[in-house]
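Coordinates in review
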Amino acid sequence: MELITREKHYNTLNNYYKNKYKQKVFKISLNGGFTCPNIDGTVASGGCTFCSWMGSGDFAGNKRDPLKKQFEEIKEKMHKKWREGLYIAYFQANTNTHAPLPRLKELYEEAITLDPNIVMLSIGTRPDSLPQDVVDYLGELNKRIDVQVELGLQTVHQKTSDLINRAHDLKSFDDAVYRLREKNIEVVVHIINGLPGETKEMMLDTIKHLNTLPIQGIKIHMLHLMEKTKMGYEYTQKPWPLLTLEEYVDIVVNQLRILDKNTIVHRVTGDAPTEMLIAPTWTRKKFVVSNEIDKLMRKLNAYQGDMYERKHHIEST
Ligand code: SF4
């Protein structure tokens, strides 16, 4: 599906949802009280070194509140900005499939019935936390309501992945994508630019590999160094050069140019709570980052996919 416009030279999420649901759609971040197998010792401990103590769900509801209360509070806030819209129930914080199937069923079934205007269930998770019974159940659920799974990858390079303690390999990620797609579940992948030791070429490799997989969406983030994270601590002890805004914009534009033109771009930059952000401070101005990307694409007359490239075997460097 191509939804590229004159203003945005890539497939934006807004256009995708408008086209699909014919209305504004909001994501309501719910906190199901999950932990993470990379934190609690199931797979490893310590977690990804960039991850905040909130399990990268820094804007989700309060896990002590019932889902209904979380939903209503966030919905009310959203409606201060937009009068009308449909909703996506979004389990964001930590690993939202990291529980026995009966517990997952209970939570997801409750979430999709919180409001008649909920049109999608979106679940953020790790590729190694998708046992087949969970994938089968999500496939069944997907026949009743749209189900989207957000999978963290961050990089295709094993050396970087080990450095940031992701504690899974690329094969496990690829396998999760294929198993979800067998059930027709929409897959959105998270990647991070600016990870320690990564060159522009390496970041482009991540896109080239994703182009070989049947994914539907991508979220591109700049690395945020945050308080109370291992990487944030390492940085304050011995800072290293981070990407500048100009370098980041150049990399994202190049990534978009080689990205499959059918992939929906959910984000071209991320946000971290201001009070927790150590660096880089330019990431606070999300709109500036996104505008600079648009400006450069227009200046170069560049479009998503106009230099499409795919590569099956990424040599790990
Ligand atoms: S897998 Fe996600 S929640 Fe778990 S430590 Fe890594 S970023 Fe945090």
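Coordinates for the structure precede this section.
As a convention, each chain's residues are numbered from 1 in the sequence order in which they are written. Per-residue local features of the predicted model are confined to residues with pLDDT of at least 70, and side-chain atom pairs are confined, for both listing and counting, to 80 or more; whole-chain, interface and lining totals are unaffected and use all residues. To obtain the side-chain values, all non-hydrogen atoms of the structure were used and water was disregarded.

1. Some details on the overall build of the chain
Under the convention used in this document: A helix here means a DSSP run of H or I that spans at least four residues, while a strand means a run of E at least two residues long, and both kinds are numbered starting from the N terminus. The globule rule used here is 2.2 Å times the number of residues to the 0.38 power, and the radius of gyration it is set against is calculated over C-alpha atoms. Type-normalised accessible area, obtained with a 1.4 Å probe on protein chains alone, sets the label of each residue: buried when under 20%, exposed when over 50%, and partly exposed for intermediate values. The contact criterion used throughout is that any non-hydrogen atoms of two residues lie within 4.5 Å. All accessibility values rest on the Shrake-Rupley procedure with a 1.4 Å probe; residue burial counts only the protein chains present in the view.
Scanning the chain from terminus to terminus reveals ten helices and nine strands. Here the C-alpha atoms of the chain give a radius of gyration of 19 Å, agreeing with the 20 Å that 2.2 N^0.38 yields for 317 residues. Principal-axis analysis of the C-alpha atoms places the extent of the chain at approximately 45 × 45 × 40 Å. In the chain, buried positions account for 57% of the 317 residues. For the chain, the proportion of contacts with a sequence separation of at least 24, taken over those separated by at least 6, is 82%. For the chain, the computed accessible surface area is about 14,600 Å², with 52% contributed by carbon and sulfur atoms.

2. As for helix α7 (residues 200–210)
Among the eleven residues that make up α7, nine are buried, leaving the element largely enclosed by the rest of the structure. Within α7 the residues assigned to the buried category are Met202, Met203, Leu204, Asp205, Thr206, Ile207, Lys208, His209 and Leu210. Buried residues belonging to α7 abut β4 (146–154), α5 (158–163), α6 (170–182), β5 (186–193), β6 (217–222) and α9 (245–258).

3. A word on the site of the ligand
Just so we agree on the cut-off: Residues are labelled near a given molecule or strand when at least one of their non-hydrogen atoms is within 4 Å of it. In this classification, the charged set is Asp, Glu, Lys and Arg, the nonpolar set is Ala, Val, Leu, Ile, Met, Phe, Trp, Tyr, Cys and Pro, and all remaining amino acids, among them Gly, are polar.
Around the ligand, the structure places eleven residues, and the nearest of them are Cys36, Gly47, Cys48, Cys51 and Arg126. When its residues are assigned to classes, the shell around the ligand shows five nonpolar, four polar and two charged.

4. A look at helix α4 (residues 132–141)
One turn of an α-helix holds 3.6 residues; hence residues three or four places apart share an orientation. By the burial criterion, the buried members of α4 are Val134, Val135, Tyr137, Leu138, Gly139 and Leu141. Looking at the buried residues of α4, the elements they touch are α3 (101–112), β3 (118–125), β4 and α6.

5. Examining the nonpolar core
The condition that has to hold: By convention a nonpolar core is built from buried Ala, Val, Leu, Ile, Met, Phe, Trp, Tyr and Cys residues, the set being connected through side-chain atoms within 4.5 Å.
Ranked by internal contacts, the top residues of the largest apolar core, which has 80 residues, are Tyr108, Leu138, Leu256 and Ile293. Looking at which element gives the most residues to this core, the answer is α9, with eight residues. Leave out the neighbours within four places in its chain, and Leu256 touches Tyr10, Ile220, Val265, Val268, Ile293, Met297, Tyr303, Gln304 and Gly305. In this structure, Tyr21, Ile88, Val119 and Ile264 belong to the second largest nonpolar core, which totals ten residues.

6. Details of unusual backbone geometry
Going from Ala279 to Pro280, the amide bond is cis rather than trans, its omega being -10°. Even without being a glycine, Asn94 presents a positive backbone phi close to 60°. Relative to the elements of secondary structure, Asn94 occurs in the loop between β2 (86–91) and α3. With phi around 60°, Ala167 is a residue other than glycine that occupies positive phi space. If you trace the backbone, Ala167 turns up in the loop between α5 and α6. Residue classification places Ala167 among the partly exposed residues on the basis of a relative accessible area of 30%.

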